[in-house]
4 protein chains.
Amino acid sequence: MRVAVVGATGYTGAELVRLLLDHPHVELAFLSSERSAGKPVDRVLSSVRNHPAAAGLKLRPLAELSDVDMAFGCLPGGELPGRMPLLAERAKHVVNLAGDFRLTDPVAAARHYPGSASWTEPFSYHVPEFGEPGERFLNLPGCMAVTSIYALYPLLAEGLVEPDPVVDAKTGSSGSGRTSTEHPADRFGNFRAHKPHGHRHGPEVAQALRSLTGVDVDLQFSTHSLDVARGILVTAYSRLRSGVSEVDVKRAYVKAYRRTPFVRVRNHGLPALKTVVGSNVAEVAPQVQGDRCVTIAALDNLVKGAAGQAVQTLNQVFGLPEHTGLPFTAVAP
Amino acid sequence: MRVAVVGATGYTGAELVRLLLDHPHVELAFLSSERSAGKPVDRVLSSVRNHPAAAGLKLRPLAELSDVDMAFGCLPGGELPGRMPLLAERAKHVVNLAGDFRLTDPVAAARHYPGSASWTEPFSYHVPEFGEPGERFLNLPGCMAVTSIYALYPLLAEGLVEPDPVVDAKTGSSGSGRTSTEHPADRFGNFRAHKPHGHRHGPEVAQALRSLTGVDVDLQFSTHSLDVARGILVTAYSRLRSGVSEVDVKRAYVKAYRRTPFVRVRNHGLPALKTVVGSNVAEVAPQVQGDRCVTIAALDNLVKGAAGQAVQTLNQVFGLPEHTGLPFTAVAP
Amino acid sequence: MRVAVVGATGYTGAELVRLLLDHPHVELAFLSSERSAGKPVDRVLSSVRNHPAAAGLKLRPLAELSDVDMAFGCLPGGELPGRMPLLAERAKHVVNLAGDFRLTDPVAAARHYPGSASWTEPFSYHVPEFGEPGERFLNLPGCMAVTSIYALYPLLAEGLVEPDPVVDAKTGSSGSGRTSTEHPADRFGNFRAHKPHGHRHGPEVAQALRSLTGVDVDLQFSTHSLDVARGILVTAYSRLRSGVSEVDVKRAYVKAYRRTPFVRVRNHGLPALKTVVGSNVAEVAPQVQGDRCVTIAALDNLVKGAAGQAVQTLNQVFGLPEHTGLPFTAVAP
Amino acid sequence: MRVAVVGATGYTGAELVRLLLDHPHVELAFLSSERSAGKPVDRVLSSVRNHPAAAGLKLRPLAELSDVDMAFGCLPGGELPGRMPLLAERAKHVVNLAGDFRLTDPVAAARHYPGSASWTEPFSYHVPEFGEPGERFLNLPGCMAVTSIYALYPLLAEGLVEPDPVVDAKTGSSGSGRTSTEHPADRFGNFRAHKPHGHRHGPEVAQALRSLTGVDVDLQFSTHSLDVARGILVTAYSRLRSGVSEVDVKRAYVKAYRRTPFVRVRNHGLPALKTVVGSNVAEVAPQVQGDRCVTIAALDNLVKGAAGQAVQTLNQVFGLPEHTGLPFTAVAP
């Protein structure tokens with residue numbers, strides 16, 4: 001099937017190109033970049049510069065987009081909405097990896113994703129593990145948001161915890177996108193709080209959990225910055241309701257993720273960046289003591305948190321086995 | 001004054017030697033190591049191998065300990081108690097940097113610090129910012145514990161929050177001591193949960209806060225491992241009591257740390273490892289939104305969390321200005 | 001085809017398991033480990049613990065080895081020779097990734113690889129790009145050695161340079177194997193000379209270049225240690241012979257690597273770890289100024305420098321397309 | 001004495017402020033920054049934000065410069081020459097840490113340091129270990145250059161080697177200055193060749209060695225980029241002249257650095273970043289085998305390679321003990 005990557009030179013776009021080059025049923029029909037238009041993709045994206053299938057592919061301005069089966073939106077936030085008329089005309093399906101259409105509350109959307117209001121046809125929020133991708137326009141979750149959702153969903157779906165969890169998220173530097181301006185010497189060896197309050201993934205998590213479980217969550221969501229390129233690890237703290245046991249908790253996670261090849265409940269070995277980076281797997285593990293539940297969840301923000309879940313969605317939309325072209329192993333050590 | 005470092009080749013002992021070499025009023029009279037006995041210290045400790053004052057200093061077996069004004073215990077946990085009879089005979093003051101005598105509850109002490117019961121004369125738990133070092137035998141706090149205490153003390157002392165905080169601690173690899181066996185390739189680029197429950201610094205924090213504030217804290221204390229050599233950052237989550245405002249919170253921190261040169265409340269710029277590593281400063285910053293308070297605290301585990309607070313204690317005991325020989329600046333970037 | 005990994009829990013063995021799990025024509029028939037015998041492989045090797053195909057595979061003592069088409073030796077140096085009688089009986093082909101049979105000079109072999117003399121049937125030294133794997137017993141090159149060979153071969157094969165090059169090699173920490181005892185805090189942020197003289201890969205490079213080009217090389221080979229988990233970068237310095245031009249040099253590299261899918265001459269963008277880590281590609285680039293030629297070469301020591309070249313060899317032996325099951329892209333950023 | 005730091009917010013300026021805050025005989029009389037003029041220095045420079053002596057210091061536009069005993073130039077290359085008329089009027093001594101006046105050959109100077117010709121009064125090139133700072137205007141060496149000079153000087157001064165050495169330099173990210181635009185995710189885990197040929201420190205090394213030893217050096221100088229914040233390690237390769245022994249080499253280094261407190265010849269333990277970062281020490285070690293000499297040298301580019309050697313120069317100019325206010329120990333691990 002013919003696929004377009006709109007915004008192929010950012011981190012998520014580049015990662016999508018990297019994965020799709022090895023997908024057995026995909027033709028990379030169109031790769032857009034305004035800044036690098038005309039250049040061969042293997043001259044611009046260093047991660048794929050030695051792949052034989054990348055030879056000959058050129059980056060082109062979006063205006064030249066031809067008819068495709070699926071277009072992936074990998075533009076910086078705010079840039080896709082204005083281009084949707086073109087995409088809607090040329091692409092049978094549009095899957096947006098940026099955040100433009102994640103928030104349904106128009107006030108929150110306007111605050112966190114300015115410009116999203118310029119396109120009004122509905123996008124459906126799609127987490128590959130929670131529902132079929134029925135709509136034509138899909139928006140994928142944010143990387144820290146989806147990690148948090150994986151961590152908390154089973155607890156809330158089964159009504160096991162008080163609805164006021166704390167999520168302490170830690171993320172690598174590629175999560176901020178290629179336009180970040182932090183100097184490598186300042187990032188090196190550092191670890192710092194990024195947003196103790198007010199990160200835009202907070203409302204997204206609350207919205208998704210409410211939509212999936214019916215529970216109105218009073219969420220404390222704080223983010224931190226790691227000096228690694230890839231990876232997110234979330235530690236979610238919640239209080240068990242009276243009478244809830246460790247067995248109930250373990251059972252809820254097993255039930256929720258029994259049939260999800262890419263969300264795996266760890267019983268042996270806690271989630272860690274090194275066991276997920278490079279793979280499309282999210283690891284989740286609840287740890288109970290007394291009435292406290294600490295859930296650890298980890299994934300590679302560029303794979304399972306972005307490009308990998310996009311490929312997973314493509315597989316779902318076109319009826320392919322869900323893992324087609326997706327890695328199960330971590331590049332470790 | 002004449003000083004002994006007992007266990008001079010571990011990470012905390014080495015750091016103490018490093019700091020004391022530049023202390024204007026200290027003579028490094030005795031440096032013990034059983035394994036490296038007889039070797040020059042500048043052959044064994046690479047951090048000081050270019051310091052002219054290290055030339056000629058030799059490591060010696062503890063049995064040769066001569067009379068000193070202060071002996072610092074830097075042995076692995078469990079090793080000091082059996083040697084206390086000798087130290088009590090030769091040293092006017094003993095300051096232990098290991099954990100042997102931190103916990104007053106004998107059951108907890110026996111569980112977390114086996115061997116501590118073999119010495120029965122009392123050690124006093126001493127945080128330099130909270131009280132005078134009146135006793136002859138002092139035990140300093142653990143590095144993650146003291147960071148957490150700095151973060152939570154003002155909130156509990158003023159009764160501003162519910163007494164059930166969550167502490168999410170992240171620490172570098174030197175915190176585990178020189179005998180850790182993790183391979184550098186496994187640590188590299190990793191971030192992982194270490195102990196979601198049951199870390200021995202948890203009871204220490206609860207004990208210290210109860211002792212300092214009178215509040216019985218129901219603490220959730222979880223630890224994580226960073227791929228950095230030095231540094232601890234703690235994120236503490238608490239709920240404001242009804243009627244408490246952000247101004248109350250800010251005021252409590254200013255009050256608590258008005259006269260502490262080495263615990264600094266940040267109003268501009270969040271605490272980070274890069275602004276404390278190499279210095280003896282602990283940074284603390286509370287961030288309030290609604291009824292949620294998130295307090296960030298950071299310090300260098302080998303300096304302010306260990307060897308630096310030991311020097312600070314020495315200064316206090318001998319009536320020197322508290323900052324004598326201690327760095328205020330961070331080695332950054 | 002049925003394959004055995006002998007020593008499946010070291011870094012190279014684990015990486016081989018990781019790659020072979022996704023190889024379309026390989027059955028992982030036998031995975032040996034003495035220490036972890038009886039344990040499921042996905043409990044011991046964290047990089048593959050989420051791969052569905054790893055479920056059910058058990059580690060077993062080597063004595064239980066059954067008949068296989070190919071056995072890969074991934075034991076620590078010195079351990080394979082004594083086990084060769086068993087392997088020769090059960091495996092149609094044996095490919096050794098350790099160094100036991102690399103050096104043909106018996107004095108050098110005995111010095112650098114003690115124990116190798118206990119097996120006397122010949123092993124053939126096999127670099128996948130330089131010749132067919134005709135023999136039954138093959139020994140693959142060392143990771144720093146093969147990087148250096150790729151860098152220097154075209155210059156010497158065409159007689160373009162004086163035969164006294166300098167090779168300055170830099171390598172990550174996984175290259176030292178899982179039994180290294182350096183503390184992560186000591187490795188972190190460090191860069192250091194490892195062996196300015198006398199590294200055992202030096203004689204291997206000289207031997208291979210003599211064998212491939214007929215030139216007796218007077219090689220200066222020095223190694224350094226990087227704080228990264230994966231990757232080798234080699235900078236090779238040589239002097240052009242009189243009358244040799246930059247064009248001659250470029251032409252020699254193109255000629256040497258015209259048909260090697262996994263050794264790629266870079267004309268745009270210098271080789272770097274980030275463009276090879278995770279892939280089976282070695283990048284090579286000569287840079288000429290005046291009569292000085294500086295050749296940069298880089299590869300992932302665990303993939304192209306070990307497990308990947310082993311899979312490449314398997315593909316060659318069994319007549320599969322050389323790239324079957326091997327990654328062309330780098331996991332970057 | 002009253003001191004000005006001109007360009008106090010770049011990496012070298014900030015490091016100079018950090019060191020001078022603890023210098024017992026210096027008053028930080030003037031700190032310039034055009035972009036941050038008016039702001040308190042402890043709001044802008046995070047490394048000193050907890051130093052009591054930084055409180056109250058303000059950044060000011062250079063035009064307000066008052067009379068000082070010494071002004072340090074820490075501006076980006078090309079910016080000092082145009083400001084020299086003002087500095088010459090207000091400062092008794094000017095010490096430039098940037099590269100403007102390093103090269104005496106006007107063609108090379110114009111090529112590598114555009115703008116330097118606009119000031120014509122002579123600057124003297126000053127390496128603290130090689131000569132008295134006699135002139136009023138001094139230019140300090142580049143960080144990679146001075147490391148290479150330390151490595152090669154004894155060999156050339158004593159005529160022990162052929163004059164065509166190879167220098168393979170590796171440097172951390174702070175060396176490129178605060179205006180570098182590499183993304184931290186791209187730097188992370190990477191190691192790459194930076195300039196195999198043509199780096200501007202190459203001609204500087206050749207010029208300095210010629211000036212110090214009278215030998216015309218045909219130098220191969222190549223640079224590489226490490227993912228660390230601080231530190232330079234240089235590996236210098238040379239060929240011993242006929243009849244020269246290892247003892248001759250060792251003797252030459254001892255002779256050259258007998259009286260240099262901050263350049264130390266290592267006989268035990270090779271130079272490494274971790275043993276110099278944070279200190280003002282350069283470590284040097286020659287390793288001889290046959291007729292090959294490999295010299296390793298390492299230093300902290302911001303301390304001994306920039307701000308530390310500036311303080312050392314200040315001490316020399318004003319007749320203070322050379323080590324006043326300068327650290328001998330490394331912040332390790």
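Everything numeric here is computed off the predicted structure, so don't read it as measured data. (Residues numbered from 1 in each chain as written. Chains lettered and ligands numbered in written order. Predicted model: local features only at pLDDT ≥ 70, side-chain atom pairs only at ≥ 80, totals over all residues. Heavy atoms only, no water.)

*Asks:* Break down the overall build of chain A for me, citing the residues and quoting the values.
*Replies:* On a plain count of helices and strands, chain A comes out with 9 helices and 14 strands. Considered along the principal axes of its C-alpha atoms, chain A spans approximately 60 × 45 × 40 Å. The buried share among the 333 residues of chain A stands at 64%. A separation of at least 24 residues holds for 71% of the contacts in chain A among residues at least 6 apart in sequence. Here chain A has roughly 11,100 Å² of accessible surface; of this, 48% comes from carbon and sulfur atoms. Each charge class in chain A can be summarised by its mean position, and for the 34 positive and 32 negative side chains these summaries are 4 Å apart. (Helix = DSSP H or I, 4+ residues; strand = E, 2+ residues; numbered from the N terminus. Buried < 20%, exposed > 50% of the residue type's maximum accessible area, 1.4 Å probe, protein only. Contact = heavy atoms within 4.5 Å. Areas by Shrake-Rupley, 256 points an atom, 1.4 Å probe, with all protein chains shown as cover. Lys, Arg positive; Asp, Glu negative; His and termini not counted. Charge placed at Lys NZ, Arg CZ, Asp CG, Glu CD.)

*Asks:* Please set out the UniProt feature "active site" (unreviewed entry) in chain A residue by residue, giving values where relevant.
*Replies:* Residues and elements named next belong to chain A. The UniProt record annotates "active site" (unreviewed entry) at Cys-143. With a relative accessible area of 15%, Cys-143 lands in the buried category. Leave out the neighbours within four places in its chain, and Cys-143 touches His-201, Ile-232, Leu-299, Asn-301 and Gly-305. (UniProt positions renumbered as here; feature names shortened; annotations may be inferred.)

*Asks:* Before we move on, could you go through the UniProt feature "domain: Semialdehyde dehydrogenase NAD-binding" (unreviewed entry) in chain A and cite the residues and values that matter?
*Replies:* Sites flagged by UniProt as "domain: Semialdehyde dehydrogenase NAD-binding" (unreviewed entry) map to residues 2-112 of chain A. Along residues 2-112 of chain A one finds 25% helix and 23% strand; the C-alpha atoms at either end are 32 Å apart.

*Asks:* Describe the sheet that holds strand S8 (residues 166-171) of chain B, naming the residues involved and giving the relevant values.
*Replies:* Residues and elements named next belong to chain B. Strand order in this open sheet of 7 strands is S9-S10-S8-S11-S14-S13-S12, and the pairing throughout is mixed. The outermost strands of the open sheet, each flanked by one partner alone, are strand S9 (191-195) and strand S12 (263-265). Looking at each pair of strands side by side, their axes are set apart by 20 degrees on average, direction ignored. Here strand S13 (residues 282-289) runs beside strand S14 (residues 292-299); their pairing, made up of 7 bridges, is antiparallel. Bridge pairing in S14 places Gln-289 opposite Arg-292. (Pairing = 2+ DSSP bridges. Axes fitted to C-alpha atoms, helices over the stretch in contact; angles between N-to-C directions.)

*Asks:* Tell me what's going on with helix H8 (residues 246-256) of chain B, and back it up with residues and numbers.
*Replies:* Residue and element names in this part refer to chain B. Those residues of H8 that sit buried are Val-249, Ala-252 and Tyr-253. One side of H8 carries all its buried residues, which in axial view fall inside an arc of 95 degrees. For H8, the secondary structure elements touched by its buried residues are helix H5 (143-157), S12, S13 and S14. (Arc of directions from axis to C-beta.)

*Asks:* With reference to specific residues and values, describe the relation of the copies chain A and chain B.
*Replies:* Mapping chain A onto chain B leaves a residual RMSD of 0.0 Å; the transformation is a rotation of 180 degrees accompanied by 0.0 Å of translation along its axis. This pairing of chains is accounted for by a two-fold axis. Relative to the rotation axis, the C-alpha of Asp-168 of chain A is the closest in chain A, positioned 3.8 Å from it. The fraction of interface residues of chain A whose copies in chain B are also interface residues reaches 100%, indicating that both copies meet through the same surface. (Least-squares fit on C-alpha atoms with pLDDT ≥ 70 in both.)

*Asks:* Which residues make up the interface of chain A and chain B, and what values do they have?
*Replies:* Chain A puts 41 residues into the contact, and the matching count from chain B is 41 residues. In total, about 3,200 Å² of surface goes out of reach between chain A and chain B, with carbon and sulfur atoms giving 59% of it. Counting across the interface, chain A meets chain B through 8 salt bridges. Ionic pairing is found between Lys-170 of chain A and Asp-168 of chain B, a salt bridge with its closest N-O pair at 3.2 Å. The interface formed by chain A and chain B holds 25 residue pairs in polar contact (both at pLDDT 80 or more) in total. Every element with two or more residues in the side of chain A that touches chain B is listed here: strand S8 (166-171), helix H6 (184-187), strand S9 (191-195), strand S10 (220-226), strand S11 (232-239), strand S13 (282-289) and strand S14 (292-299) of chain A. (Buried area = accessible area lost by both parts, 1.4 Å probe. Salt bridge = Lys/Arg side-chain N within 4 Å of Asp/Glu carboxyl O. Polar contact = N/O pair within 3.5 Å; in protein donor to acceptor, adjacent residues only side chain to side chain.)

*Asks:* Give a detailed account of the relation of the copies chain C and chain D, specifying residues and quantitative values.
*Replies:* Superposing chain C onto chain D takes a rotation of 180 degrees plus a shift of 0.0 Å along the axis, which leaves an RMSD of 0.0 Å. The share of interface residues of chain C whose copies in chain D are also at the interface is 100%, consistent with both copies meeting through the same surface.

*Asks:* Residues and numbers for the pattern of salt bridges, please.
*Replies:* It is possible for side chains bearing opposite charge to pair when their charged atoms get close. For the structure shown, the criterion picks out 80 salt bridges over all chains. For Glu-158 of chain B, the salt bridge goes to Lys-255 of chain B, with nearest N and O atoms at 2.8 Å. Residue Glu-158 of chain B is located in the loop between H5 and S8, and its partner Lys-255 of chain B is located in helix H8; the two are separated by 97 residues in the primary sequence. Owing to a relative accessible area of 36%, Glu-158 of chain B belongs among the partly exposed residues under this scheme. Members of the salt-bridge network, linked through shared partners, are Asp-164 and Asp-218 of chain A together with Arg-239, Asp-291 and Arg-292 of chain B.

*Asks:* An account of the interface of chain C and chain D is requested, with residue identities and associated values reported.
*Replies:* Facing 41 residues of chain C, the contacting portion of chain D comprises 41 residues. Roughly 3,200 Å² of surface becomes buried between chain C and chain D when both sides are summed, with 59% attributable to carbon and sulfur atoms. Three residues stand out in chain C for area buried against chain D, namely Phe-191, His-197 and Arg-292 of chain C, and they jointly supply 20% of the buried area on that side. Where chain C packs against chain D, one counts 8 salt bridges. If you list the elements that add at least two residues to the side of chain C that touches chain D, you get strand S8 (166-171), helix H6 (184-187), strand S9 (191-195), strand S10 (220-226), strand S11 (232-239), strand S13 (282-289) and strand S14 (292-299) of chain C. Split by residue class, the side of chain C that touches chain D holds 21 nonpolar, 11 polar and 9 charged. (Nonpolar A, V, L, I, M, F, W, Y, C, P; charged D, E, K, R; others polar.)

*Asks:* Any details on the sheet that holds strand S7 (residues 137-139) of chain B? Residues and values, ideally.
*Replies:* All names here are of chain B. Taken together, 7 strands build an open sheet; the order of strands is S3-S2-S1-S4-S5-S7-S6 and the sheet is parallel. One side of each edge strand has no neighbouring strand; the edge strands of this open sheet are strand S3 (59-60) and strand S6 (124-125). Where strand S1 (residues 2-6) and strand S4 (residues 68-73) come together, 4 bridges link them in parallel fashion. Within S4, the residue paired with Val-6 across the bridge is Gly-73. The strands touched by helix H1 (residues 11-20) within the sheet are S1, strand S2 (27-32) and S4, with S1 carrying the most contacts at an inclination of about 160 degrees.

*Asks:* Which residues make up the pairing of strand S5 (residues 91-96) of chain A, and what are the values?
*Replies:* All names here are of chain A. Two strands pair when backbone bridges link them, and strand S4 (residues 68-73) and S5 are joined in this way by 5 bridges, in the parallel orientation. Bridge pairing links Ala-71 to Val-94 in S5. For the segment spanning S4, helix H3 (residues 84-90) and S5, crossover handedness is right-handed. Note: S5 against strand S7 (residues 137-139), 3 bridges, orientation parallel. Looking at the pairing, Asn-96 lines up with Asn-139 of S7. (Right-handed = clockwise from strand over helix to strand, strands pointing away.)

*Asks:* Now, about the side chain of Gln-309 of chain A: what can you tell me, with residues and values included?
*Replies:* Residue and element names in this part refer to chain A. Position of Gln-309 relative to the elements: it lies in helix H9 (residues 303-317). Look at Gln-309 and you get buried, because its relative accessible area is 0%. Sequence-distant contacts of Gln-309, that is, excluding residues within four places in its chain, are made with Pro-128, Leu-140, Pro-141, Val-146, Asn-280, Val-303 and Lys-304.

*Asks:* Lay out the packing of H5 of chain B against helix H7 (residues 201-213) of chain B in plain terms, naming residues and giving numbers.
*Replies:* The relative placement of two packed helices comes down to the angle between their axes together with the axis-to-axis distance. Residue and element names in this part refer to chain B. It is the contact of H5 with H7, at a shortest axis distance of 9 Å, that shows an interaxial angle of 35 degrees. As for the relative orientation of H5 and H7, their crossing is right-handed in sense. Along its contact with H5, which presents Cys-143, Met-144, Ala-145, Ser-148, Ile-149, Leu-152, Tyr-153, Leu-156 and Ala-157, the element H7 presents His-201, Glu-204, Val-205, Ala-208, Leu-209, Leu-212 and Thr-213. Per-class residue counts for the contact of H5 with H7 are 12 nonpolar, 3 polar and 1 charged. (Left-handed = near helix turned anticlockwise from the far one by under 90°.)

*Asks:* Mind laying out the packing of aromatic side chains, listing which residues take part and the relevant values?
*Replies:* For any pair of aromatic rings, the description rests on two quantities: the centre-to-centre distance and the angle between the ring planes. Taken as a whole and assessed by the stated rule, the structure comprises 36 aromatic pairs over all chains. A ring pair is formed by Phe-130 of chain A and Tyr-257 of chain A, whose centres lie 6.5 Å apart and whose planes are at 55 degrees; its orientation type is tilted. Of this pair, Phe-130 of chain A sits in the loop between strand S6 (124-125) and S7 while Tyr-257 of chain A is found in the loop between helix H8 (246-256) and strand S12 (263-265), placing the two residues 127 residues apart along the sequence. Residue classification places Tyr-257 of chain A among the buried positions, given a relative accessible area of 6%. Each ring, one from Phe-130 of chain C and one from Tyr-150 of chain C, has its centre 6.4 Å from the other, and the planes form 40 degrees; the classification is tilted. (Phe/Tyr/Trp six-rings, centres within 6.5 Å; stacked < 30°, edge-to-face > 60°.)

*Asks:* Let's hear about the domain arrangement of chain A: which residues, and what values?
*Replies:* Residue and element names in this part refer to chain A. The domain architecture assigned to chain A consists of domain 1 (2-121) and domain 2 (143-301). Distance from the C-alpha centre of domain 1 to the C-alpha centre of domain 2: 27 Å. Summing both partners gives a buried area of about 1,100 Å² for domain 1 against domain 2, and 46% of it is carried by carbon and sulfur. When the buried surface of domain 1 facing domain 2 is broken down by residue, Tyr-11, Arg-102 and His-112 rank first, second and third, together holding 49% of it. Summed over the shared surface of domain 1 and domain 2, the number is 2 salt bridges. In this structure, the salt-bridge partner of Arg-230 is Glu-15, at a minimum N-O distance of 2.8 Å. Counting the contacts that link domain 1 with domain 2 gives 5 residue pairs in polar contact (both at pLDDT 80 or more). Looking at the side of domain 1 that touches domain 2, the element that brings in the most residues is helix H1 (residues 11-20), giving 4 residues. Residues belonging to the side of domain 1 that touches domain 2 are distributed by class as follows: 5 nonpolar, 4 polar and 4 charged. (Domains from an automatic or database assignment.)

*Asks:* A description of the environment of Gly-231 of chain C should follow, citing residues and the corresponding values.
*Replies:* All names here are of chain C. Counting through the fold element by element, Gly-231 comes out in the loop between S10 and S11. Between the C-alpha atom of Gly-231 and that of Val-276, which follows or precedes it by 45 residues, the distance is 7.8 Å. The residues touching Gly-231, leaving out its near neighbours within four places in the chain, are Lys-170, Thr-171, Gly-172, Leu-273, Val-277, Leu-299, Asp-300 and Asn-301.

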